[in-house]
Amino acid sequence: MAESTPEATNLKAQYTAQVTADLERNAKEQEHVGAEIAALQEQLDALRHDQDLLANVRQALDGKGAAATPEGGSVAAAAATLPPQQTSAAPGARRQRKTATKSRKVTAAGNATAPSAVRAPTLGELIRNHLLQQPEPRSAAEVTTALAEAHTERNANGKVVRMALEGLVAKGHVHRTKQKKSVFYSVADGASAATTASDEPADATTARSAAESGA
């Protein structure tokens, strides 16, 4: 018997490797196809189940009474078990969802753009309301201290408060009296607590001029 040549040995090894690779690839393909078949079988079973439920629902809608489901439940229970894409196919359901979604968007947009119903009081309003509550005139320093304690969020420093007071004096809302070297402020006779944004000093030069004229 003739001995095998190196070429024949190499060729046999190549065939063996090729067949082994084909077997592995075949096994993987079988596993993949088997998984697809199992998934399709599940889908088929679900479709058959839905078909039975829909048939019972249609029978009830045709006026033949409340038909029982394969599981013995009511028609309403059967409808509740249907997938979303089937239960939502009722007449007008999709239109109602779109209308509700549009209404929510309009409401959200309106809330986002609606102006604030509460307007923050101006510094002039705060000063006049404070002076209204005082039994006697107050100095600019006393008013500044009171506003700084009651309204920490406002920039109620002495210079700003004094300018606002002089602006109110110029508009006739606040009365100014001078005792020795001190100046005191009180609400003018007939003035009410209600003020507008115009009570704020619009021009610093006007406020300084009013202060100088009373000095």
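That block above? That's the structure.
In every chain, residue numbers begin from 1 and rise along the written sequence. Since the coordinates come from a predicted model, pLDDT governs what is reported: local features require at least 70, and pairs of side-chain atoms require 80 or more to be given and counted, while whole-chain, interface and lining totals use all residues. Remark: hydrogens and water are excluded; side-chain values derive from all non-hydrogen atoms of the structure.

**Let's talk about the overall build of the protein**
Then, number 1: The numbering of helices and of strands both runs from the N terminus, where a helix is a DSSP run of H or I of at least 4 residues and a strand a run of E of at least 2. Scanning the protein from terminus to terminus reveals 8 helices and 3 strands.
Then, number 2: Order of helices (α) and strands (β) in the protein, N terminus to C terminus: α-α-α-α-α-β-α-α-β-β-α.
Then, number 3: A contact between two residues is defined here by any heavy atoms of the two lying within 4.5 Å. Pairs at least 24 residues apart make up 54% of the contacts formed inside the protein by residues separated by at least 6 positions.
Then, number 4: Methods summary: accessible areas were calculated by the Shrake-Rupley approach with a probe of 1.4 Å, and residue burial reflects only the protein chains presented. Counting only carbon and sulfur atoms, one obtains 56% of the accessible surface of the protein, whose full area is about 15600 Å².

**A closer look at the nonpolar core**
Then, number 1: Here, nonpolar core refers to any group of buried Ala, Val, Leu, Ile, Met, Phe, Trp, Tyr and Cys residues whose side-chain atoms link them within 4.5 Å. Relative accessibility under 20% of the residue-type maximum defines a buried residue, over 50% an exposed one, and the middle range a partly exposed one, all with a 1.4 Å probe and only protein chains included. Counting 16 residues, the largest nonpolar core has Ile-127, Leu-131, Leu-147, Val-161, Leu-165 and Tyr-185 as its most contacted members.
Then, number 2: Counting residues per element, the ones that place at least two in this core are helix H5 (123-132), helix H6 (140-150), helix H7 (158-171) and strand E3 (182-187).
Then, number 3: Per-element tally for this core: the top contributor is H7, with 5 residues.
Then, number 4: Setting aside its immediate chain neighbours within four residues, Leu-165 contacts Ile-127, Leu-131, Ala-140 and Tyr-185.

**A closer look at the sheet that holds strand E1 (residues 138-139)**
Then, number 1: Strand pairing is assigned whenever DSSP identifies at least 2 bridges connecting the two strands. Strands sit in the order E1-E3-E2 across an open sheet of 3 strands; the sheet is antiparallel. Two strands in the sheet have a free side with no partner beyond their single neighbour: E1 and strand E2 (174-179).
Then, number 2: Note: E2 against E3, 6 bridges, orientation antiparallel. Counterpart to Val-174 in the pairing with E3 is Val-187.
Then, number 3: Note on geometry: axes are C-alpha line fits, over the in-contact stretch for helices, and angles between N-to-C directions span 0 to 180 degrees. Most of the contacts of H5 go to E3, to which it runs at about 90°, and overall it touches E1, E2 and E3.

**Side note on the side chain of Arg-138**
Then, number 1: On the secondary structure map, Arg-138 appears in strand E1.
Then, number 2: Residues counted as positive are Lys and Arg, residues counted as negative are Asp and Glu, and His and the chain ends are not counted. Just to be clear on terms, a salt bridge is a Lys or Arg side-chain nitrogen sitting within 4 Å of an Asp or Glu carboxyl oxygen. The buried charged residue Arg-138 lacks any salt bridge, with Glu-136 as its nearest oppositely charged partner at 4.1 Å.
Then, number 3: We define a polar contact as two N or O atoms separated by no more than 3.5 Å, with the added condition that, inside protein, one atom must be a possible hydrogen donor and the other a possible acceptor, whereas residues neighbouring each other in sequence contribute only through side-chain atom pairs. Within the structure, Arg-138 has its side chain in polar contact with the side chain of Gln-134 (distance 3.3 Å).

**A look at the pairing of E3**
The side chains of a regular strand alternate between the sheet's two faces.
Then, number 1: Sheet topology places E1 next to E3; 2 bridges connect them, and they run antiparallel. Residue pairing across strands places Ser-139 opposite Phe-184, the latter belonging to E3.
Then, number 2: Taking the residues between adjacent antiparallel strands as the criterion, E2 and E3 are bridged by 2 residues, where Lys-180 takes a positive phi near 55°.

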